[in-house]
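Spelled out from the first residue to the last, the chains are:
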Amino acid sequence: RVFVVGKIRARRKEGFAKRITKGSDQWLSVVHCATAGDCAAKLRSLGYCIWAVANGGAALRQRLDKPPSKIALVFPREGRRVTAEMSAYCDAVVSLGSVGVTASCNLS
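Residues numbered from 1 in each chain as written. Predicted model: local features only at pLDDT ≥ 70, side-chain atom pairs only at ≥ 80, totals over all residues. Heavy atoms only, no water.

(A) Local environment of helix α2 (residues 36–45). Of all the residues in α2, the buried ones are A36, G37, C39, A40 and L43. One side of α2 carries all its buried residues, which in axial view fall inside an arc of 160°. Elements in contact with the buried residues of α2: β1 (2–5), β2 (30–33), β3 (49–53), β4 (71–74) and α3 (84–87). Just downstream of α2, G47 is the residue with a positive phi angle, here 90°. (Buried < 20%, exposed > 50% of the residue type's maximum accessible area, 1.4 Å probe, protein only. Helix = DSSP H or I, 4+ residues; strand = E, 2+ residues; numbered from the N terminus. Arc of directions from axis to C-beta. Contact = heavy atoms within 4.5 Å.)

(B) Representation of the sheet that holds β4. Taken together, 3 strands build an open sheet; the order of strands is β4-β3-β5 and the sheet is parallel. The outermost strands of the open sheet, each flanked by one partner alone, are β4 and β5 (92–94). Geometrically, the sheet is characterised by an average inter-axis angle of 35° between neighbouring strands, direction not taken into account. By the bridge criterion, 3 bridges tie β3 to β5 in an arrangement that is parallel. From the neighbouring strand, V53 faces β5, where its bridge partner is V94. (Pairing = 2+ DSSP bridges. Axes fitted to C-alpha atoms, helices over the stretch in contact; angles between N-to-C directions.)

(C) Representation of the nonpolar core in the model. With 13 residues, the main nonpolar core has L43, I50, V74 and M86 as its most contacted residues. At the level of elements, α2, β3 and β4 are the ones that each hand at least two residues to this core. It is α2 that contributes the most residues to this core, 4 residues altogether. Listed in part, the 5 residues of the second largest apolar core include C49, W51, V53 and A92. (Core = buried A, V, L, I, M, F, W, Y, C linked by side-chain atoms within 4.5 Å.)

(D) Looking closely at the packing of aromatic side chains. Evaluated as defined, the whole model comprises 0 aromatic pairs. Geometry around Y48 places K70 over its ring, the cationic atom sitting 4.8 Å from the centre. (Phe/Tyr/Trp six-rings, centres within 6.5 Å; stacked < 30°, edge-to-face > 60°. Lys NZ or Arg CZ within 6 Å of the ring centre and 35° of its normal.)

The structure is reproduced here in structure tokens:
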């Protein structure tokens, strides 16, 4: 599942699926949440631990012997950090390592 936080204008909803999800909505269920709180509540009700993805020093720097069985990763918009509102609901901040000169993460 992919959870998207924020209001999407009805007339742009179809365009959203084509531009943002690049067709992944055909094999993933896209869930729209009005607020970060709504999103966190839904994820918690489904049994997820919520982790924010960040680049840099604020990230968790240890290996977990037994990670949670259900983890929701919160990705910010490109070039930004997870919002303060969403961060308040996160259990941890983690970093995803990448190889090469880029620090971006392509989820396709």
